[in-house]
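Residues per chain, in single letters:
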Amino acid sequence: MDIQYVRLEEKLPPREYKSSLESTWCPGCGDFGVVTALTRAFSDEKLDPTALSLVSGIGCSSRLPLWMNAFGLHSCHGRAVPAAVGARLAKPEVPVIVTAGDGDLFSIGMEHFPHAARRNFDMVVISMDNRMYALTKNQVSPTSRTGYKGSLTPYGNLDNPFNVINFAIASGATFVAQTYAGNPKHMTEIIEAAIEHKGFAFVNILSPCPTYNKLDTFKFYKGRLVDINKELGHDPSDKQKAMELAEHDYDADYNPDAKVPIGIFYKTEEIPTFEEKVEALKEKYKPENPETVWDDILSNYKV
Amino acid sequence: MASFDLTVKYAGEGGEGVISSGDFTMKAAAKMGYEVVTFKSFPAEIKGGYALSQVRMSDEKILSQGDGFDILVAFNGEAYEVNKPLLREGTVLIWDGPEGGDFEPEFEELEKKGVIMYAVPMSQLAKKEVGAYITKNVIAMAATFELIGMPIELLKEEIVAKFSKKGQEVIDLNFKAIEVAQKYVKENIKKVDPYKVPGPLPKKDVIIVEGNEAIALGALAAGVKVYAAYPITPATTVGNYLAPHILKTGGYVYQAEDEISSMAIVIGASFSGVKAMTATSGPGISLMQELIGLASMTEIPAVIVDVQRGGPSTGMPTKHDQADLFAAALGGHGDDQRVVLAPTNVEENFYLTVEAFNLSERYQLPVLLLTDASLSLRAEAIPTPDINKIKENLIERPIVRKGEVSPEELENLFRYKITDTGISPFLAPGESPKPYTATGLEHGENSYPRTTPKERTEMMDKRFRKIKNIEDENPHLVEWDLGDLQEGEKADITIITWGLTASIAKEAIQRLRNKGIKVAALYPKLIYPLPAKAVEKAASMSDIVLVPEANYMGHLAKFIRMFSSVPAEKIVQYNIYRGEPFIPKEIEEKVEEILGKKVQA
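Residues numbered from 1 in each chain as written. Chains lettered and ligands numbered in written order. Predicted model: local features only at pLDDT ≥ 70, side-chain atom pairs only at ≥ 80, totals over all residues. Heavy atoms only, no water.

1. Structural notes on the overall build of chain A
- When helices and strands are tallied, chain A shows ten helices and eight strands.
- Taking 19 Å as the expected radius of gyration for a compact globule of 303 residues, we find that chain A reaches 20 Å, a close match to that expectation.
- Across its three principal axes, chain A shows a C-alpha extent of roughly 75 × 45 × 40 Å.
- Per-residue burial for chain A yields a buried fraction of 60% across its 303 residues.
- Restricting the contact set of chain A to residue pairs at least 6 apart, pairs at least 24 apart contribute 74%.
- With the model as given, the accessible surface of chain A reaches about 12,200 Å², and the carbon-plus-sulfur share is 52%.
- Distance between charge centres in chain A, computed from 32 positive and 40 negative side chains, equals 5 Å. (Helix = DSSP H or I, 4+ residues; strand = E, 2+ residues; numbered from the N terminus. Rg over C-alpha atoms; globule rule 2.2 N^0.38 Å. Buried < 20%, exposed > 50% of the residue type's maximum accessible area, 1.4 Å probe, protein only. Contact = heavy atoms within 4.5 Å. Areas by Shrake-Rupley, 256 points an atom, 1.4 Å probe, with all protein chains shown as cover. Lys, Arg positive; Asp, Glu negative; His and termini not counted. Charge placed at Lys NZ, Arg CZ, Asp CG, Glu CD.)

2. What to know about the packing of aromatic side chains
- Taken as a whole, this structure holds 33 aromatic pairs over all chains when the rule is applied.
- With 5.8 Å between their ring centres and 85° between their planes, W25 of chain A and W67 of chain A make a pair best called edge-to-face. Residue W25 of chain A is located in the segment before helix 1 (31-44), and its partner W67 of chain A is located in the loop between strand 1 (53-56) and strand 2 (71-74); the two are separated by 42 residues in the primary sequence. Like W25 of chain A, the residue W67 of chain A is buried in the burial classification.
- Taking 4.8 Å as the distance between ring centres and 55° as the angle between the ring planes, the aromatic pair formed by Y552 of chain B and Y577 of chain B counts as tilted. On the criterion of sequence distance, the pair formed by Y552 of chain B in the loop between strand 20 (545-549) and helix 21 (555-563) and Y577 of chain B in the loop between strand 21 (571-575) and helix 22 (584-600) is long-range, its members being 25 residues apart.
- A relative accessible area of 49% places Y577 of chain B in the partly exposed class.
- Sitting over the ring of F220 of chain A, R145 of chain A keeps its end group 4.4 Å from the ring centre. (Phe/Tyr/Trp six-rings, centres within 6.5 Å; stacked < 30°, edge-to-face > 60°. Lys NZ or Arg CZ within 6 Å of the ring centre and 35° of its normal.)

3. Topic: the sheet that holds strand 10 (residues 276-280) of chain B
Residues and elements named next belong to chain B.
- Taken together, seven strands build an open sheet; the order of strands is 9-8-10-11-13-12-19 and the sheet is mixed. Strand pairing shows two members of the sheet lacking a second neighbour, strand 9 (252-255) and strand 19 (526-528), which therefore form its edges. Strand-to-strand twist of the sheet, defined as the mean angle between neighbouring strand axes without regard to direction, takes the value 25°.
- The pairing of strand 12 (residues 339-341) with strand 19 spans two bridges and is antiparallel. Bridging across to strand 19, V340 finds its partner in Y528. (Pairing = 2+ DSSP bridges. Axes fitted to C-alpha atoms, helices over the stretch in contact; angles between N-to-C directions.)

4. Remarks on the pattern of salt bridges
Residue and element names in this part refer to chain B.
- Scanning the entire structure with this criterion turns up 55 salt bridges over all chains.
- For E35, the salt bridge is made with K204, and the minimal N-O distance between the two is 3.4 Å. In this pair, E35 sits in strand 2 (residues 35-41) while K204 sits in the loop between helix 7 (168-188) and strand 7 (206-210), placing the two residues 169 residues apart along the sequence.
- Take K204: its relative accessible area is 36%, and that puts it in the partly exposed class. (Salt bridge = Lys/Arg side-chain N within 4 Å of Asp/Glu carboxyl O.)

5. Remarks on helix 1 (residues 18-31) of chain B
Residues and elements named next belong to chain B.
- End to end, helix 1 covers 20 Å across 14 residues, agreeing with the expected 20 Å (1.5 Å per residue, within 8%).
- Of all 14 residues that make up helix 1, eleven are buried, and the element is covered over most of its length.
- The set of residues buried in helix 1 consists of V18, S20, S21, G22, D23, F24, T25, M26, A28, A29 and A30.
- Downstream of helix 1 by one or two residues, G33 has phi in the positive range, about 95°. (Expected span 1.5 Å × (residues − 1).)

6. Here's the deal with the interface of chain A and chain B
- Each partner contributes to the interface: chain A provides 49 residues, whereas chain B provides 63 residues.
- Both faces considered, chain A and chain B share a buried interface measuring about 4,700 Å² in area, 68% of it formed by carbon and sulfur atoms.
- In terms of surface lost to chain B, no three residues of chain A exceed W294, Y301 and V303 of chain A, which account for 18% of the buried area on that side.
- At the surface where chain A touches chain B, the tally comes to four salt bridges.
- Linking K402 of chain B and D48 of chain A is a salt bridge whose minimum nitrogen-to-oxygen distance equals 3.7 Å.
- Summed over the shared surface of chain A and chain B, the result is 22 residue pairs in polar contact (both at pLDDT 80 or more).
- Every element with two or more residues in the side of chain A that touches chain B is listed here: strand 2, helix 2 (80-90), helix 4 (112-118), helix 9 (274-284) and helix 10 (293-299) of chain A.
- In terms of residues, the side of chain A that touches chain B owes the most to one element, helix 2 of chain A, which gives seven residues.
- The residue makeup of the side of chain A that touches chain B, split by class, is 28 nonpolar, 13 polar and eight charged.
- Relative to strand 15 (residues 437-439) of chain B, strand 2 of chain A runs parallel, the two sharing three bridges. If you follow L73 of chain A over to strand 15 of chain B, its bridge partner there is A438 of chain B. (Buried area = accessible area lost by both parts, 1.4 Å probe. Polar contact = N/O pair within 3.5 Å; in protein donor to acceptor, adjacent residues only side chain to side chain. Nonpolar A, V, L, I, M, F, W, Y, C, P; charged D, E, K, R; others polar.)

7. A closer look at the packing of helix 2 of chain A against helix 10 (residues 259-271) of chain B
- At a minimum axis distance of 6 Å, the contact between helix 2 of chain A and helix 10 of chain B shows a crossing angle of 45°. Classified by the angle between their axes, helix 2 of chain A and helix 10 of chain B sit oblique to one another. The interaxial crossing formed by helix 2 of chain A with helix 10 of chain B has right-handed handedness. Residues P82, A83, V85, G86, A87, L89 and A90 of chain A of helix 2 of chain A lie in contact with helix 10 of chain B, whose contacting residues are S261, A264, I265, G268 and A269 of chain B. (Parallel < 35°, antiparallel > 145°, perpendicular 65-115°, else oblique. Left-handed = near helix turned anticlockwise from the far one by under 90°.)

In structure tokens:
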């Protein structure tokens, strides 16, 4: 069952994927870079804005679909992934991109992520990871560093940060990558690879919050990033190595010289997507004669 | 009046075959052309605990499960103890005796009462004569068939249908049990009771379905493409019944990780342009409230079935209750638009599911179908639906498709266009020429977030305008029952009720009318927004408005106070909350009590 996305014949310029709405993000927000990378990737991938759905939850980053020229579903807090699942079940020919935040995906929405991942829905889930909650004015998120001072944790975060890369791999995501909002070229490449990937693609974008987060800043990331594919020659089919590399950036809390890995950690296309399996079932049980479907169904209930 | 009306009740322990005994008997009766209604109840555990399956059969339309039963087939001592108080003069008790069972009835006491007792050693015959204890229920059934004169061939047909996959050996074993039972009854029992099923009636074009089956079929007929749900009693079987058929119609049943995701999936699918539905029970409705609000704000059609059970909290998962009306209509935050429909019988479970889709498409909002545990399990033989006619009358969403609009029109095409009806064009990915973002934030016509007082007010007015005239636009969703009352004639009492209670009340009302009491009755199927005009008109026909409901607080009664101009002092609540539906006699007696008191005063 090969499901093809609707695509344009000719490329649209990236600006055509932006709406006329002014964004409400703070100046210097890393998420602006994500918009730029997305519009470039959509253009390169020749996606049709009228056959493209961007699904989000609630939070600063989840406003993204509003700034875009594509179908958008700005849903409830934490519910972007299941809303996207609904969209995938409805129309497998329409690509679906989830654009959400680290809190939305991995705190309130945590229950949904692993289930969509293990079922291998063909969608791209982008986490715009600023390692805290911004829209509610500075609280810790599941990816916040230990010791991070948020408005509810003035004494410092007691928790260990959650390793979303390893979690995504363990959940069964078939494409797991990390990129950085300060590097639009790398972001665009990764998002394109994620769109082209058949299956559940998770992209964590390190996206600094200039207003509240004084630890995970553009300055902090500068000089620390290491491209695991190009610089370290990491082969994304090596799952074990991918999990080891994913542990690396957490050393940064303890080791001032630690590097932050970006690139494709893991990728496999050997697993069929959920949509392919559903379409195969529909094909298998397709009635021989559509005219008599109802007679057949009702015959089960006749006396 | 029906010339034949017989109720057989099988009672015993869950897992002993009590439920299938009722099902087989019901099917045999339906095959003979009789009307049937079943009533089942069992505990929330997989095995064990008291279970009952009751079959009422008649040559006329059956409205309720009845006041009681004519024949009790008691599988064990508990079944006997529970039902002993209900045994009356002329009732037949078929019990597991004289030997081999776990109890012995109080012969003298029952004889004095006039109860007719037939001993059928079900356990012993199954063990010793058939050699398989598991056939106990088949012996009980076959003995009952023999006693009431139902063709044993019909029982054999059901056994073949049910066990053909398990092989000839299993069928032979069950046939042996039938023979043993027949032989026992012929040789040992002298029939003294009057209960006898007359010969078969002319064959009717009917299907036998349970409440939840009817919902599943209704959803299919309406064209559901995505069904997402999380297992919860007593709603789970809606999906179970849908799953094998939906692939044939190009849809899919998805078991979601919870109720919240189920509702989000419904919204995501419907946003994408296809019909989507979920089914749940009270606890699931609580979890879905935020997303039901999103569907309302984003004007995305969605059908949510709530098969009510006893609450709050986990409550009584397998027991009857009508206490989710407040949650269904008013649950959630903010002022949202939604529609609540309540079917009163199995046939309406089917047609109102179709209606739920039609209303959700027409008004672009969530529609809740409020049914209940007893109705979910109640089986009825209903006239075979005309699917072509249903399909012709389906209301389709106003999706604006590519190529349908000129470039100038495209400029002014807005998803949330403010219109006189409040209903706006629908845009769907892959189909429409102009994208938009559906957002739960307050927004302007073009869907961009807006919070100015003017725009907020306009948009609230637009959304509420959609359902402002819903009563006038859907008069078929209110059922009037005025009996012989003439225009302008005063009734002794008005009864307004909903859900399964309405079908039970109908039987009580028939009996009251036979006694000369004038009853005006109204059964709203659209219960929110409350059809206030109809309610007010019905209430104006008498001095008393009785609202029987199977809940503590009186949800519909309170709605009548809130949303209509019916004087509060006229409204009399009658509430039961024991986990079982009303029986007709209770409503009949309540009316007599009220009218009696009124005369005295």
